[in-house]
Amino acid sequence: MKGALSWPFMRLYILVFFYFSANAILNVIIPLQGKALGATNTTIGLIMGAYLFTTMFLRPWAGHLIARYGPIPILRTILVVNGIALVLYAVTGLGGYAFARILQGVCTAFFSMALQIGIMDALPEKDRSQGISLYSLFSYIPGIVGPLLALGIWQEGMGTFGMVMVTLAIVTGIIGFTAKVGEKQEVKGSAPTLGMGKAIRQLVDNSDLTRSCTLMLFGSIVFGATTIFIPLYALQVPSGNAGIFLMLMAATVVVSRFTLRKSIPSDGKWHSTFMIGTMLLLTIGTLSISYAVEGGAGFFYFGAIVVGVAQALLYPSLTTYLSLVLPKASRNVLLGLFIASADLGVSMGGAVMGPVADLTSYSTVYLVCSVLGGIMAVVAYRQG
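(A) Quick look at the overall build of the protein. From N to C terminus, the protein includes 15 helices and 0 strands. Its C-alpha atoms give the protein principal-axis dimensions of roughly 55 × 50 × 40 Å. Buried positions account for 59% of the 384 residues belonging to the protein. Pairs at least 24 residues apart make up 84% of the contacts formed inside the protein by residues separated by at least 6 positions.

Structural data, given as structure tokens:
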């Protein structure tokens, strides 16, 4: 096999799989444990959102430091910190989870940037969209079995949960320390020439970056709300099961990203029809989830599949587009800002939608999400 499916890249994807396996379990355990301990939806949303809220701030700096020092030294350092965070889940309660989520946020900012920059630098432009799609695919594969595994762990008790977290910390560290990422790009002093202040101004001055960040931000709010509150909303849906929902959504993301990876535009042009269609899928999916409390499990699981397809397409298509149209000298930093918008969105999905859930209902949360998707379908349009 050559290109994005060659063995060196497959080894990176395996590392991604184990790294994100912890989150597939935590996304179910933390809301359930929080509710069992009497936490409000707002508190649960803030704890869950602390992860990517931290990541958001560090993404641009991660791109800067990775360009300066190379991906491998950065990767090995953050894998140690990630191991500490996972061990914290094993030995602390709900209060310690917030700190552990922050540590995980620090790690993910550098981990994902190191691997994605390494993949983009090592692959030719014609294979770049496939590489990014496969990276994203392997980050979602844990979500297929993770939710059901998490429910099983929840029934066994928190002692089992602690052992699983420690095991994942060890396995991820072993695999990560033998990985090699973009070695040919690893040159000290190769930091991008664009300063951080100027990079942030590009959010306004660069229309390609502005539109992409806006779509990613609001799309991620929907994805965040879907992940965080489904374990609790499922308890209100007739015959609803959070494990099956999250498994269906993750499986749809995985299958869609693999089967549709060659359909994702990789020509540096903005495809309005493609992007509008993606946002409309998000609208339809969340509307179906919202109605599930009345309509039943069929609407619930249909929404999981449709949202999964939208999630499979949105991130890799926008990442590939920006990797081709952004100035090469400042690409890493600007991509960091773009990915930060995704992090902020997921964090807001918990922090903002948590109070909405407390004041209204989970069904209303997903109705609001469907409205956001419809607005973003309009934003996605660009003439010419």
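(B) Molecular detail of the packing of aromatic side chains. One pass over the full model with this rule turns up 18 aromatic pairs. Centroid distance F229 to Y362: 6.1 Å. Interplanar angle 35°. Geometry classified as tilted. Note that F229 is positioned in helix α9 (residues 207–233) and Y362 in helix α15 (residues 362–379), a separation of 133 residues in sequence. Of the two residues, F229 and Y362, both sit in the buried class. On the basis of an interplanar angle of 40° and a centroid distance of 5.4 Å, the ring pair of Y233 and Y366 is categorised as tilted. Linking Y233 in helix α9 with Y366 in helix α15, this pair joins segments that are 133 residues apart in sequence. Y366 matches Y233 in its accessibility class, with the two residues each being buried. Grouping aromatic residues by their ring pairs yields a cluster made of F229, Y233, F245, F300, Y301, Y362 and Y366.

(C) Region of interest: the packing of helix α4 (residues 94–122) against helix α13 (residues 331–351). Running from N to C, α4 and α13 cross one another at 130°; their axes reach a closest spacing of 12 Å. Between α4 and α13, the crossing angle belongs to the class labelled oblique. Every pair of crossing elements has a handedness; the one defined by α4 and α13 is right-handed. For the pair formed by α4 and α13, the contact residues are M113, Q116, I117, M120 and D121 on the first element and R331, N332, L335, G336 and I339 on the second.

(D) Region of interest: the packing of helix α5 (residues 125–140) against helix α6 (residues 142–156). Across the interface, α5 lies against α6 with an axial gap of 6 Å and an inter-helix angle of 15°. Between α5 and α6, the interaxial angle falls into the category roughly parallel. Where α5 abuts α6, its residues F138, S139 and Y140 lie against P142, G143 and I144. Residues belonging to the contact of α5 with α6 are distributed by class as follows: 4 nonpolar, 2 polar and no charged.

(E) Fine view of the side chain of T278. Of note, T278 is situated in helix α11 (residues 272–295). Not counting residues up to four positions away in its chain, the partners in contact with T278 are A310, L313 and L314.

(F) Region of the structure containing the pattern of salt bridges. Counted under the stated rule, the structure contains 1 salt bridge. Taking the shortest distance from any N to any O, the salt bridge between R382 and D208 comes out at 3.1 Å. With a gap of 174 residues between them, R382 in the segment after α15 and D208 in helix α9 connect regions that are remote in the sequence. The class for R382 is partly exposed, based on a relative accessible area of 25%.

(G) Molecular detail of unusual backbone geometry. Phi at S239 takes a positive value of approximately 65°, unusual for a residue other than glycine. Taking the relative accessible area as the measure of exposure, S239 reaches 69% and is therefore exposed.

(H) View of the environment of P316. Its location among the elements puts P316 in helix α12 (residues 297–325). A C-alpha to C-alpha distance of 9.9 Å links P316 and S266, two positions 50 residues apart in sequence. If near-sequence neighbours (up to four positions away) are discounted, P316 is found in contact with I132, S133, R257, I264 and Q311.

(I) Local environment of empty space enclosed by the protein. Taken as a whole and judged by the stated rule, the model has 3 cavities of 30 Å³ or more. Size it by volume and the largest cavity reaches roughly 870 Å³. When residues in the lining of the largest cavity are grouped by element, the largest group, 6 residues, is from α9. Along the lines of polarity and charge, the residues of the lining of the largest cavity split into 20 nonpolar, 12 polar and 4 charged. Around the second largest cavity, the lining residues are P265, D267, G268, K269, W270, H271, F274, M275, S317, L318 and Y321. Listing elements by their share of the lining of the second largest cavity, those giving two or more residues are α11 and α12. Ranked by residues supplied to the lining of the second largest cavity, first place goes to α12 with 3 residues. In terms of residue class, the lining of the second largest cavity is made up of 6 nonpolar, 3 polar and 2 charged.

(J) Region of interest: α13. Compared with an ideal rise of 1.5 Å per residue, which puts 21 residues at 30 Å, α13 spans 30 Å between its outermost C-alpha atoms and is within 8% of the ideal. For α13, a buried count of 17 out of 21 residues is recorded, marking the element as mostly surrounded by other parts of the structure.

(K) Fine view of α15. With 18 residues, α15 should cover 26 Å at 1.5 Å per step; its first-to-last C-alpha distance of 26 Å lies within 8% of that length. Along α15, the residues that are buried comprise Y362, S363, V365, Y366, C369, S370, L372, G373, M376 and A377.

(L) Focus on the state of the cysteines. Inspection of the entire model under this criterion finds 0 disulfides. Free cysteine C213: the closest other cysteine sulfur is in C369, separated by 20 Å. Residue classification places C213 among the buried positions, given a relative accessible area of 9%.

What counts, and where the lines are drawn
- Residues numbered from 1 in each chain as written.
- Predicted model: local features only at pLDDT ≥ 70, side-chain atom pairs only at ≥ 80, totals over all residues.
- Heavy atoms only, no water.
- Helix = DSSP H or I, 4+ residues; strand = E, 2+ residues; numbered from the N terminus.
- Buried < 20%, exposed > 50% of the residue type's maximum accessible area, 1.4 Å probe, protein only.
- Contact = heavy atoms within 4.5 Å.
- Phe/Tyr/Trp six-rings, centres within 6.5 Å; stacked < 30°, edge-to-face > 60°.
- Axes fitted to C-alpha atoms, helices over the stretch in contact; angles between N-to-C directions.
- Parallel < 35°, antiparallel > 145°, perpendicular 65-115°, else oblique.
- Left-handed = near helix turned anticlockwise from the far one by under 90°.
- Nonpolar A, V, L, I, M, F, W, Y, C, P; charged D, E, K, R; others polar.
- Salt bridge = Lys/Arg side-chain N within 4 Å of Asp/Glu carboxyl O.
- 1 Å grid on protein atoms, 1.4 Å probe; cavity = no way out; pocket = protein on both sides within 12 Å on 5 of 7 lines; lining within 4 Å.
- Points joined across faces, edges and corners; volume = space filled by probe spheres on them.
- Expected span 1.5 Å × (residues − 1).
- Disulfide = S-S within 2.5 Å.

Nothing here speaks to function; it is geometry throughout.
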